[in-house]
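Each chain, written out:
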Number of protein chains: 2
Amino acid sequence: MHYNVPAYRLLDAEGLERLHQASLHILVELGIDFHDDEVCSLFRRHGARVDGRRVWLTPDLVEAGLARAPQQFVQLARNPARNLSVGGEHCVCAPVYGPPFVFDRERGRRPATLADFQNFVRLAYLSPYLHHSGGTLVEPTDRPLATRHLDMVYSHIKYSDKAFMGSVTSAENAADSVAMAELVFGPAMYQQPALIALINVNSPRLFDARMLGALKVYARARQALIITPFVLAGAMAPATVAGTLAQQNAEVLAGIVLTQLLEPGTPVVYGSFMTNVDFKSGAPVFGSPESQLGIMASAQLARRYGLPFRGGGMLTSAKIPDAQAAAESLMVMLPTLMAGTNFVLHAAGWLEGGLVAGYEKFVLDCEILGMLHTWAKGVDLSDEGLALEAIAEVSPGGQYLAAEHTLRHFRTAFYRAELFDYRTVEQWAADGAQDACQRAGEQVRRLLVAYEPAPLDPAIEEALLDYMARRTAGQSHPAS
Amino acid sequence: MHYNVPAYRLLDAEGLERLHQASLHILVELGIDFHDDEVCSLFRRHGARVDGRRVWLTPDLVEAGLARAPQQFVQLARNPARNLSVGGEHCVCAPVYGPPFVFDRERGRRPATLADFQNFVRLAYLSPYLHHSGGTLVEPTDRPLATRHLDMVYSHIKYSDKAFMGSVTSAENAADSVAMAELVFGPAMYQQPALIALINVNSPRLFDARMLGALKVYARARQALIITPFVLAGAMAPATVAGTLAQQNAEVLAGIVLTQLLEPGTPVVYGSFMTNVDFKSGAPVFGSPESQLGIMASAQLARRYGLPFRGGGMLTSAKIPDAQAAAESLMVMLPTLMAGTNFVLHAAGWLEGGLVAGYEKFVLDCEILGMLHTWAKGVDLSDEGLALEAIAEVSPGGQYLAAEHTLRHFRTAFYRAELFDYRTVEQWAADGAQDACQRAGEQVRRLLVAYEPAPLDPAIEEALLDYMARRTAGQSHPAS
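Definitions and limits used
Residues numbered from 1 in each chain as written. Chains lettered and ligands numbered in written order. Predicted model: local features only at pLDDT ≥ 70, side-chain atom pairs only at ≥ 80, totals over all residues. Heavy atoms only, no water. Contact = heavy atoms within 4.5 Å. Buried area = accessible area lost by both parts, 1.4 Å probe. Salt bridge = Lys/Arg side-chain N within 4 Å of Asp/Glu carboxyl O. Polar contact = N/O pair within 3.5 Å; in protein donor to acceptor, adjacent residues only side chain to side chain. Helix = DSSP H or I, 4+ residues; strand = E, 2+ residues; numbered from the N terminus. Expected span 1.5 Å × (residues − 1). Buried < 20%, exposed > 50% of the residue type's maximum accessible area, 1.4 Å probe, protein only. Pairing = 2+ DSSP bridges. Right-handed = clockwise from strand over helix to strand, strands pointing away.

Points about the interface of chain A and chain B
Part 1 of the reasoning: Each partner contributes residues to the interface: chain A has 109 residues there, and chain B has 109 residues.
Part 2 of the reasoning: Summing the contributions of chain A and of chain B, the shared interface buries around 9000 Å²; its carbon and sulfur component is 73%.
Part 3 of the reasoning: Ranking the residues of chain A by area buried against chain B places Phe279(A), Phe414(A) and Tyr422(A) at the top, with a combined share of 9%.
Part 4 of the reasoning: Summed over the shared surface of chain A and chain B, the result is 4 salt bridges.
Part 5 of the reasoning: Note that Asp421(B) is salt-bridged to Lys319(A), the shortest N-O span being 2.8 Å.
Part 6 of the reasoning: Our enumeration of links across chain A and chain B arrives at 32 residue pairs in polar contact (both at pLDDT 80 or more).
Part 7 of the reasoning: In terms of residue count, the dominant contributor to the side of chain A that touches chain B is helix H10 (residues 323-338) of chain A (10 residues).

Structure, rendered in structure tokens:
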């Protein structure tokens, strides 16, 4: 998706500079912990002060890191027509990531399986508004933990031809993701990344060993990385928006500097996953006004640094796709797109604070994404758009339905939602008085029946299955 | 509410100028119909070309009208602490206007009564996020049509002390509204308006006799007017956003010029109620991307003219407060506030395309308004907001919950939603697995039980009841 509308500017240049300076203070004076000896040595070699696992950067290191990171890059997809530009005026929407449970109204809430994972790959493949197949769409809890990442990478390739994400559960699993991608993409993937991987920071100010292990593998293979502090203001950051932004910004900058020390020019995305706790329950709140401000300001910081920005999504704490789910999702998603976000993870399917992937929620979110795609096209101010001819044709009090101009635009004029009901209450009641969730459930069934896979070269498929069989049989990673 | 955040700018100055010129073309070359002889004579006296009921303005007349209209004004409330600034960086939220039906989950959909009207006055009075009592909250269909407006004005005064709207159903009913307001506000209301009234344009390009009758009464009494074309793109305007904007803008400008010819300096608001039809059913669509673009551009046009702007609201086609209702409402409301709208009618309670006022929807919308009020406060970038002290205090991987800074902000840090559930799924299920609509229904009952009226001077109440009794007995309007 291309933004043909400007990004919202919450803060002015002075405000952004104030946040930047606060982050530099954190990086230079307070330091960030990296739980990886090799990483700490690397920082030391490049002039950072290091004590144990704590690293204090210098402003020069930050500047140099930012200067090396590309402003925009292309992620390869199995179908080259689906290659994705990440950064600039582009927006990539990817589905929900991480839930161990799934929900649909008929079968309720239950542990996610590989069959669910593959269903969500299919649903993402079928939506024109999801450009990306995502990563851990759900945790396939029926598959062994040790080889689950192989099943997921394979399923993305088998059931979709859209770009996908690599595993970050360990350095070895990351290496498996790279090896399997290479079977599909060949050496071209070291010029333009075929994988993008989500590296979380354990806020406050800590990169753990597991994430650093994966980060090193991807950076050295020149695959794309999203550096995202997982921040709940009030718990893992101060109870203020500005304080949380300052800390998040410092954490992201530290991660970006590291990627560029490992491999200058490696594609990297400025990530934000920032909201606040509910002080009553300690739970995270999604769709809060504080998170809206956070997304808007974070996107501006990323743009200030010339980096692609990841943030937002259709996030909610609701357990079912009700009014709370929709309200919270929109309270996050609209600011996300109005802020000009470049990569939106969790753009469809998220429920219950990310514990659940909802089937009905998934297609409802895709419907809303369709609307937002139309919004992002902006206003056509050409003569044909201004339609003065049509206005002259229709008399005061008259009707445009039969006007020449209307007939010309009839087919394409307005976004047409399939899941939203515009009928009279009588028609709606005669048809069963369904709520949006029920209509969405029917849509899910229709889509999964209609799904036809994108063709996959049998030789590639065989190579993938062979690789998986060897790894499942306990063979060590070919690269290790 | 005060906007401490900047307004979103969808269009640049050139785009706005293009729309302005297109509107001037419509006003000068195509003309607008006014179904009122006195109005047509007035236009002719001021140099407009008039033929029958069609009026062609000149650019000078438009400029002069815009120069006379105030940029901002204060609407009086019975409680002076609730007087409202309309325009500039202020935002007034008012409840739903016009539905002949009400809905709640327990009793279903049914014709609205005066008891419902008074309930909604109470609910609006109790919400800190509705600054205004509104107008025709619902049509009290159990009261005689001829005197219904008296019941409504009285109920606003009796059950609330917030500002309210006058009747526009006829010139006489408008005069009743003014007379009853004068019993409360005295002659002060001719310095600062005590009433605001909603004048719809019958798009395309037509002001009908009924609306002009009411408009004349209010303008001559220096009460505030909102000039709002009711425009569905594809039916009452071209099937393009730009064409609809150009026509709407011409219609609003014509109405504003008229108000300033009638009474220079009369407060007037640039109104927009613009969306599109669903070409499949012919029904209006709410929350469409086209309407989002419309709101954003309309707000910019109003600002360009230095006029307060009315637009948006929590609009939906849904019949019940489900995911569709919430999604559509947010798809309108968030752009409304991000566009810097000054007066938001239908900010709570709207269902089913405006045919229904929903009880649960009303309080759900108020919850969302509360969040948006917090958003509008923006980011505190002071030292206390940046919280570098707190960040220094908490070690990497540590916890902010017990930090000094967190304790200082604990009470006020984050907006706390009452109707949204943040608990675990187990807690939620143990408590009945309620959806947002069920929780909202309980909130409605709690609020109506807890309601206590704002005190009303018995002498004023007696005067109002006496006035209504005389008018109901068939006495002619005192002023006529």
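So, next bit.
So, helix H17 (residues 458-472) of chain A
All names here are of chain A.
Part 1 of the reasoning: Between its first and last C-alpha atoms H17 spans 21 Å; for 15 residues at 1.5 Å apiece the expected length is 21 Å, and the two agree.
Part 2 of the reasoning: Contact partners of the buried residues in H17: helix H5 (148-159) and helix H6 (171-185).
Part 3 of the reasoning: Near the N-terminus of H17, the side chain that reaches the backbone nitrogen of Ala459, with its oxygen 2.9 Å away, is that of Asp457.

Points about unusual backbone geometry
Part 1 of the reasoning: Residue Ser203(A) is joined to Pro204(A) through a cis peptide bond whose omega torsion reads 0 degrees.
Part 2 of the reasoning: Within the secondary structure layout, Pro204(A) lies in the loop between strand S10 (195-201) and strand S11 (206-207).
Part 3 of the reasoning: Phi at Arg205(B) takes a positive value of approximately 60 degrees, unusual for a residue other than glycine.
Part 4 of the reasoning: Note on placement: Arg205(B) falls in the loop between strand S10 (195-201) and strand S11 (206-207).

Things to note about the environment of Arg110(A)
Residues and elements named next belong to chain A.
Part 1 of the reasoning: Turning to its location among the elements, Arg110 is positioned in strand S8 (residues 108-111).
Part 2 of the reasoning: Filtering out sequence-adjacent residues up to four positions away, Arg110 remains in contact with Phe101, Val102, Asp104, Asp116 and Tyr359.
Part 3 of the reasoning: At 3.1 Å, the side chain of Arg110 and the side chain of Asp104 are in polar contact.

Here we look at the pairing of strand S13 (residues 268-271) of chain B
Residues and elements named next belong to chain B.
Part 1 of the reasoning: Where burial is concerned, the two faces of S13 agree: the one with Val268 and Tyr270 and the one with Val269 and Gly271 are both buried.
Part 2 of the reasoning: Where strand S12 (residues 224-233) and S13 come together, 3 bridges link them in parallel fashion. The partner of Leu225 across the bridge, within S13, is Val268.
Part 3 of the reasoning: Each parallel crossover has a hand, and the one from S12 via helix H8 (residues 241-262) to S13 is right-handed.

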